[in-house]
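Commentary on secondary and tertiary structure
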Amino acid sequence: MIAFAIVMNKDGEMAMPAFSQDEYRARVSRLRKKMADRGIDALLVLEESNLNYLTGYAGYSDYVPQVALIFQDEEDPWLIMRELDTHGAAVESYLPESRILSYAEKYIGSKELTAWQPIGEFVRDRTKSTRIGVEISGKMLGLKGYAALSKSLGVAEFIDADGLVSTLKAIKSPAELTYMEQAGKIVDRAMKEAQGMIAVGVRECDVAAAVQHALTSGTPEIPGGPGPISMPNMAIGSPANQCHSKWGDGAYKMGCQTNFEMGAFRHRYVCAGSRSIFLGEPPARSRYVHEACRDGWLAAFEVLRPGVKSSDVERAFRREFGPRGVRKESRIGYSIGLDWVDGGPNFMEGDETEILPNMTFHLLIGIWEKTDGYIFSETVRITENGAKSLISLPREMLINY
């Protein structure tokens, strides 16, 4: 049997989610229209950031099955989750008590039972339609989960709904932009903290701790928040060419380069920024790579405006960067917002998505080659007149002597 639970805050009142009830309901309404276009009568949303986007639930609990369930003919979603997680959902989401449901603990960690069975039974109790959409790539679904859900619902094949919610998330509301702008101020502080800490003999872990403290504590006016990617990438070396590495056990020596890629979060909305910081005089090659990356970034930044295509931005970068002779095969940016990568457009060849006002992007130039390593990025917002950076870090080479 599925039960529901509700929890109040310490004052006996419902805690407020990050946005108003009207905002969440407007998002669900737009999603229902997209469902109708696809012929979907019921939609199972599995991606945790999408649950947050549609309901306000802010827990990090997608290591077990959980869904937001949207029906074409109902105004509000249902949340179905592990029983102990309903307490957080009751406090954080905008949903009333009756729409936060749970499955029993016996389905957790069992080799014989799966939570997808009661989840499927609840859906089937509400609709006889076979036009059911599912975020197929959802973290906890997998082949076994898909089979169990299919059996429970009596549906041989679901409609693939991957990316359906992401199309709604690409254009940010004024409130979302405010959170990202606030996060940008925190990134500025954290990067300055990082540069101020780096010196001969300082442990790598202490620099990382200072960065993480700055990202969490925020500014005197703006608290930092948690996010799914809270630890900064922090590749250290000469060159620093590891893409997603963190810090190690060592201490800084003269000649070290550190590539920082970090993001600050406000109510799960992120602003990301990256810089390479050198301890001591950089090699001539590093100076050359920095200029190539910065100039290519600026060329892409200048092109960014409503009406251009994502691929146009990539081509502008290549025109400036290509003749420099530095190898770079990866994309140069992607849509960012809720929980970092939000599934929107990418700056790469072949992506013909039209750029629209209030889209936000992580415009990222990263070099991770055998002999070259460098990173330079900022989060940018698209305005009616062009792109605006959400951070204010210096764009010259960052060097500690």
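As the structure is a computational prediction, the values presented were derived from the model and not from experiment. (Residues numbered from 1 in each chain as written. Predicted model: local features only at pLDDT ≥ 70, side-chain atom pairs only at ≥ 80, totals over all residues. Heavy atoms only, no water.)

**Observations concerning the confidence of the model for the chain**
To be explicit about the condition: pLDDT is defined as a per-residue confidence score from the predictor, taking values between 0 and 100. Any pair of residues with heavy atoms lying within 4.5 Å of one another is described as a contacting pair.
Residues of the chain with pLDDT of at least 70 account for 96%, and the chain-wide mean is 94. Predicted confidence for residues 1–14 stays below pLDDT 50, and this span has 30 contacts to residues more than four positions away or in other chains.

**Quick word on the packing of helix α9 (residues 284–303) against helix α10 (residues 310–321)**
What counts is decided by this rule: A fitted line through C-alpha atoms serves as each axis, taken over the contacting stretch for helices, and the angle formed by two N-to-C directions is quoted from 0 to 180°. Counting from the N terminus, the helices are the DSSP runs of H or I reaching at least four residues and the strands are the DSSP runs of E reaching at least two. Whether a crossing is left-handed or right-handed is set by the direction in which the near helix is turned from the far one by less than a right angle, anticlockwise for left-handed and clockwise for right-handed. Residue type decides the class: Asp, Glu, Lys and Arg count as charged, Ala, Val, Leu, Ile, Met, Phe, Trp, Tyr, Cys and Pro as nonpolar, and the leftover types, Gly among them, as polar.
One way to put it is that α9 packs onto α10 with a least axis distance of 8 Å and a crossing angle of 145°. For the element pair α9 and α10, the recorded crossing hand is right-handed. Seen from α9, the contacting residues are A292, C293, D295, G296, W297, A299, A300 and V303; seen from α10, they are D312, V313, A316, F317, E320 and F321. Looking at the contact of α9 with α10 residue by residue, the classes come out as ten nonpolar, one polar and three charged.

**Examining helix α7 (residues 174–197)**
The α-helix advances 3.6 residues per turn, and as a result positions three or four apart in sequence lie on the same side. Put simply, the rule is: One less than the residue count of a helix, multiplied by 1.5 Å, gives the span that helix is expected to have. Note on classification: 1.4 Å probe, protein chains only; a residue is buried when its accessible area is under 20% of the maximum for its type, exposed when over 50%, partly exposed between these limits.
The end-to-end C-alpha distance of α7, which contains 24 residues, comes to 35 Å, matching closely the 34 Å that a straight helix rising 1.5 Å per residue would cover. E176, L177, Y179, M180, A183, G184, I186, V187, D188, A190, M191 and A194 are the residues of α7 that are buried.

**Thoughts on the pairing of strand β4 (residues 78–82)**
What counts is decided by this rule: DSSP-based pairing: two strands are paired if at least 2 bridges between them are found. Crossovers are described as right-handed under a simple rule: with the strands pointing away from the observer, the path leading from the first strand over the helix to the second runs clockwise.
Of all five residues that make up β4, five are buried, and the element is covered over most of its length. Sheet topology note: the strand β3 (residues 67–71)/β4 ladder contains three bridges and is antiparallel. Paired with L69 across the two strands is W78, which belongs to β4. Between β3 and β4, which pair antiparallel in sequence order, lie six residues. Once you follow β4 into helix α3 (residues 86–92) and on to strand β5 (residues 100–103), the crossover reads as right-handed.

**Considerations on empty space enclosed by the protein**
Put simply, the rule is: Buriedness for pockets is judged along seven lines, at least five of which must meet protein on both sides within 12 Å for an open set on the 1 Å grid over protein atoms alone, while cavities are sets there where a 1.4 Å probe fits but cannot get out, and lining residues have an atom within 4 Å of a point. Grid points are joined across faces, edges and corners, and a volume is the space filled by probe spheres set on the points.
Within this structure, the stated rule accounts for two cavities of 30 Å³ or more. Computed from the structure, the largest cavity encloses a volume of approximately 50 Å³. Every residue lining the largest cavity is listed: L46, D62, V64, P65, Q66, W116, G138, K139 and M140. Residue classes in the lining of the largest cavity are distributed as five nonpolar, two polar and two charged.

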